[in-house]
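Next come the chains, spelled out residue by residue.
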Amino acid sequence: MSPSKRSKKNAPFGKSTGFKLLGIGKQEAIKYFFGGNATLAVVLIFLIVGFLVFHAWNFLPQYKKSLTLYRLSGQEFTDYASDQLRAQKELSSLASQVPAYELKHRLGALYDLEAVHSNFKNKAQKKLLAERKELQRALSNLENTLAKQPPVQADVATAKARVAAATDALKTRSGDILGAIRYADLDNKSLVTDAKYLADIRASVSENIITGKTTGFIKDIRAIEAGETAKIRALPHLQQLEKAHQLLLAPQKPFAAYLEKYRLIASDNKGQAETPSTAAERKEAQLTKARLATTEQQRKIDLIKAERILTETPDYDRLNQALYDSLDAHLEVQQQLVEQTRIALAALPKASEFDGPKAGSRIEKINTLGEKFFGTVEAKRHNMESWSHQTPVGYGQALSGFFMGTEWVSNSSWQDFYGVLPLLAGSCLVALVAILLAVPFAVGGAIYVNRLSSPFEQRWIKPIIEFIGAIPSIVMAFLGVVVVGALIQEHTQNPLLSWIPSFPVEQDKTILTAGILLALMSIPTVFTLAEDALNNVPKAYKEAALALGSTDLQTVFRVIFPSCASGIIAAVLLGFGRIIGETMVVLLVMGGRIAIPDSISDPAHSMTGIMAQEIGEVEQGSLHWSALFMVGLLLFVIALTLNYAAQTILKKLSKHS
Amino acid sequence: MKFIQSAISILLGLALCGTAQAQSKLVIKGSDTLGAKMVPQLAEAYKAAGNNVNFEIAAEGSSQCFTALLDGTADFGMSSRSVKAKEKNQFATKGQELIEHVAGVDMIAVIVNEANGVKQLTREQIEGIFTGSITDWSEVGGKAGKINAYTRNTASGTYKTFQKLAMAKQDYGQNTQKMAGNTQIADAVAKDVSGIGYVGLAYVKRDGIAPASVDGVLPTPDKANDYALSRNLYYYTVGQPSGEAAKFIKWATTSDTAAKVIAKVGFIPAQ
């Protein structure tokens, strides 16, 4: 007879089986162990939040202090004037670009010929490594034999023969390789080419590779180009433009001189303003040093140094007086700037006079920016007149400086700014690109695998898609650096794609590149969650739909998909959360440009990337340090919100079904 | 059985550690400009000269030199800029003094893509390019095309020195891209026809890039005094160096072999 199931001997955690510690039996011990683990996880989450808040806590007061110093020192005042000059320089910079674009358009293939030449050379040289090395070796061999005293004639002859052979080999090989290079192989597809130059370019590149000197062909081309350029530059509208350009440049000098003078004063003020806040510390340091000095003389020197450190607050009224007094001088240079700019803008030739579309568009841009310029100057002047170093900087200003600030400048010799907007914009844009690319693949894949595929396909496709999730992000980043970036850069040059906004992509490290890689990484997350959502649809729905005579596709799109839409939305949100926290790919593939991106073909920086890049180099507890933790906190809040939203949507789903 | 095996392997490991520790070890931290090429090659030459020393070199940027020395995690530091007053204070607070040793002279070369027609720039033009007021190659005499400026990251001494020497201490423009090291900048410029960047002299000899002359002077070792962007490279020690560190620094800054290695890497020996 088998023992009864309730027999005490067989019970795995039977209470009476002896072992007890402090009155806790095996079963209870295990229960407490698991309970303890769960509690620990919860406690850890709170600890992490606490840690983030703890380090970010100091940001606001510190940033407020930094901005106060910025105001007290008068740097803010001079920056208004800097903004005026910068706005004007933008106009002159555009004006100086116009002739080149007009030339480029008018000269066509001739303008880009040298660029095509060097591109051909690069391509050929990469394939000629062995031959070029052999020639170098032969040449150095010849040199060595000639250097021997006295030279052995036989050796010299063989060495010379080797050089000749190597040269010949290089010549034939380069001829072969260059013969195979066509205009279509150019890396930069935007270069203008002309079939009539092709043979000459090939011959010239081959000659250049062997001799290393500028070839006759290139010299001829340069001469022709110079002649044509001179002709075009002599055209009346370009002459007119040149005059306007000079008019724009003329008032910049006195303005820059004014600016330099008062920036120096402000910078000096800042030094003095910073002194009292760090002086106490420095005095302490100097005194400690004196105490530890080994010689009496050194000790005295240190003590004198310590005494010289001022701990008093400087007299800001006196320091800034020079700036208040400079308002008249500023008005003078500003009037000059405004008047000359007005004349220059009036003298500017019309956009329609230019043949090149890029030249014309620049003229138009000068005109639109020109209109804004006068407004900017007025506004900044008004700021300068109403500026007072005594206006206190509030917490609100520090807070909006962080959340609405468009500049992230650290380790500056002038003033640090910590505005999160460029980073936030970069992170959000790349996540958006990624999710837009990932959703069709992931959701479509989930629908197919879950509803339409054969069991055989199901067995294979699902694990493979999920396997993508196992690829470490750094490997993905390598893929981006080496393969994807270059591919995108090359293939978007195609004129057929130029209708897509922000194409062609001019760099290999851009938001688009990072977005594609992140899309690949988020596909498994979205796929798995979307598939779960599809699985949760009761079988009866499908059966009812089929029984009513709908086809498979109708069932999926009219019945199943609508009933689990909220689950799929939750999946997409969680995928978004996964992407926005990703670091390695955005750090290595997105290019690291800290500015609000204009389009997805720009490089950008991200919140995660900036933390990874800068946290290693900052002093603990400094303003920069707490700014990075503020970014971390913001990221955490975003991720939390996304997760919460996804959970809420999922809950609604379970209520309905 | 298992226990004996693992015990033996642990013992063996410990024994190996013991022999490794019999060798003296030098930990050097700091600048990427020095630490990526020059100091490792000096270390090799130093070992080849018959010194039984193990080197541990970490090069993440000059700021690391001072943080590591302050923590006491390095025997000496490398820096491509001189120490800041703030950093000096931190050492003074601990009653320590930093000693500076000139390791060599470097010229920060402004590099452009080989295919770029612009090979001459003035200091004002460089300032304009890196502060963002010049955005197109046509403004500095080149063919029409947007300028992509590559700079080092903020921990770098080269970043700061360049700001001081070439940009009148103004901030870098928003459109500049920050790269981790000299090699990365050289790679980026070699790939990007419209790129411009700056690197230590030792990184100029690479296919695809060419140095631009600054105010008419090309960065070559014999022009160190005329070139606008020359700077000293330093080793830093806490107090006078002693033991193996002292021996190495003395050898690296005075011996002929070391001078040859430094020149071969592409920098200029100090003496």
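All of these numbers come straight from a predicted model, not from anything done at the bench.

Comments concerning the overall build of chain B
Then comes step 1: The helix and strand inventory of chain B stands at 9 helices and 10 strands.
Then comes step 2: Each of the three principal axes of chain B carries a C-alpha extent, and together these read 75 × 45 × 35 Å.
Then comes step 3: Classification of the 271 residues of chain B by burial places 49% in the buried group.

Some remarks on the interface of chain B and chain A
Then comes step 1: If you look at the interface, chain B gives 33 residues, while chain A gives 41 residues.
Then comes step 2: Only helix H4 (85–93) and strand E7 (177–179) of chain B provide two or more residues apiece to the side of chain B that touches chain A.
Then comes step 3: Per-element tally for the side of chain B that touches chain A: the top contributor is H4(B), with 3 residues.
Then comes step 4: Within the side of chain B that touches chain A, the residues separate by chemical class into 6 nonpolar, 16 polar and 11 charged.

Some thoughts on the domain arrangement of chain B
Residue and element names in this part refer to chain B.
Then comes step 1: Considered domain by domain, chain B is made up of domain 1 (2–105 + 232–265) and domain 2 (109–223).
Then comes step 2: For domain 1 versus domain 2, the distance between C-alpha centres works out to 30 Å.
Then comes step 3: With 15 residues of domain 1 at the contact, the number on the domain 2 side is 12 residues.
Then comes step 4: For the side of domain 1 that touches domain 2, the elements supplying multiple residues, two or more each, are helix H2 (32–48) and helix H3 (62–71).
Then comes step 5: With 5 residues, H2 is the largest single contributor of residues to the side of domain 1 that touches domain 2.
Then comes step 6: Among the residues forming the side of domain 1 that touches domain 2, the class breakdown is 3 nonpolar, 8 polar and 4 charged.

A short note on the pairing of strand E9 (residues 209–214) of chain B
Residue and element names in this part refer to chain B.
Then comes step 1: Looking at chain direction, strand E4 (residues 98–113) and E9 are connected through 4 bridges and run antiparallel. Counted as the bridge partner of Val110 is Ala212 from E9.
Then comes step 2: Pairing of strand E5 (residues 120–121) with E9, which is carried by 2 bridges, proceeds in the parallel orientation. The partner of Gln120 across the bridge, within E9, is Ser213.

What to know about the pairing of strand E2 (residues 53–59) of chain B
Residue and element names in this part refer to chain B.
Then comes step 1: As defined by bridge partners, strand E1 (residues 24–30) adjoins E2 across 7 bridges and the pair is classed as parallel. Counted as the bridge partner of Val27 is Glu56 from E2.
Then comes step 2: Regarding the hand of the β-α-β motif, the stretch spanning E1, H2 and E2 is right-handed.

Topic: the packing of helix H2 (residues 59–72) of chain A against helix H15 (residues 395–403) of chain A
Residue and element names in this part refer to chain A.
Then comes step 1: The contact between H2 and H15 brings their axes to 9 Å, and the two run at 100°. Between H2 and H15, the angle is such that the two are roughly perpendicular. Here Leu60, Tyr63, Lys64 and Leu67 of H2 come into contact with H15, specifically with Tyr395, Gln397, Ala398, Leu399, Gly401 and Phe402.
Then comes step 2: When grouped by side-chain class, the residues that make up the contact of H2 with H15 number 7 nonpolar, 2 polar and 1 charged.

Concerning the environment of Ser230(B)
Residues and elements named next belong to chain B.
Then comes step 1: By the secondary structure assignment, Ser230 is in strand E10 (residues 230–238).
Then comes step 2: A tally of 19 C-beta atoms within 10 Å means that Ser230 is categorised as partly exposed.
Then comes step 3: When the C-alpha positions of Ser230 and Thr161 are compared, they lie 9.5 Å apart, and in sequence the two are 69 residues distant.
Then comes step 4: With sequence-adjacent residues up to four places away left out, Ser230 is seen in contact with Val105, Met107 and Ala224.

Re unusual backbone geometry
Residue and element names in this part refer to chain B.
Then comes step 1: For Asp215, which is not glycine, the phi dihedral falls at a positive 50°.
Then comes step 2: Its location among the elements puts Asp215 in the loop between E9 and E10.
Then comes step 3: A residue is classified by how many C-beta atoms lie within 10 Å of it, and Asp215, with 15 of them, is partly exposed.

Each value, and the rule that gives it
Residues numbered from 1 in each chain as written. Chains lettered and ligands numbered in written order. Predicted model: local features only at pLDDT ≥ 70, side-chain atom pairs only at ≥ 80, totals over all residues. Helix = DSSP H or I, 4+ residues; strand = E, 2+ residues; numbered from the N terminus. Buried ≥ 20, exposed ≤ 12 C-beta atoms within 10 Å, placed from the backbone. Contact = placed C-beta atoms within 7 Å. Nonpolar A, V, L, I, M, F, W, Y, C, P; charged D, E, K, R; others polar. Domains from an automatic or database assignment. Pairing = 2+ DSSP bridges. Right-handed = clockwise from strand over helix to strand, strands pointing away. Axes fitted to C-alpha atoms, helices over the stretch in contact; angles between N-to-C directions. Parallel < 35°, antiparallel > 145°, perpendicular 65-115°, else oblique.

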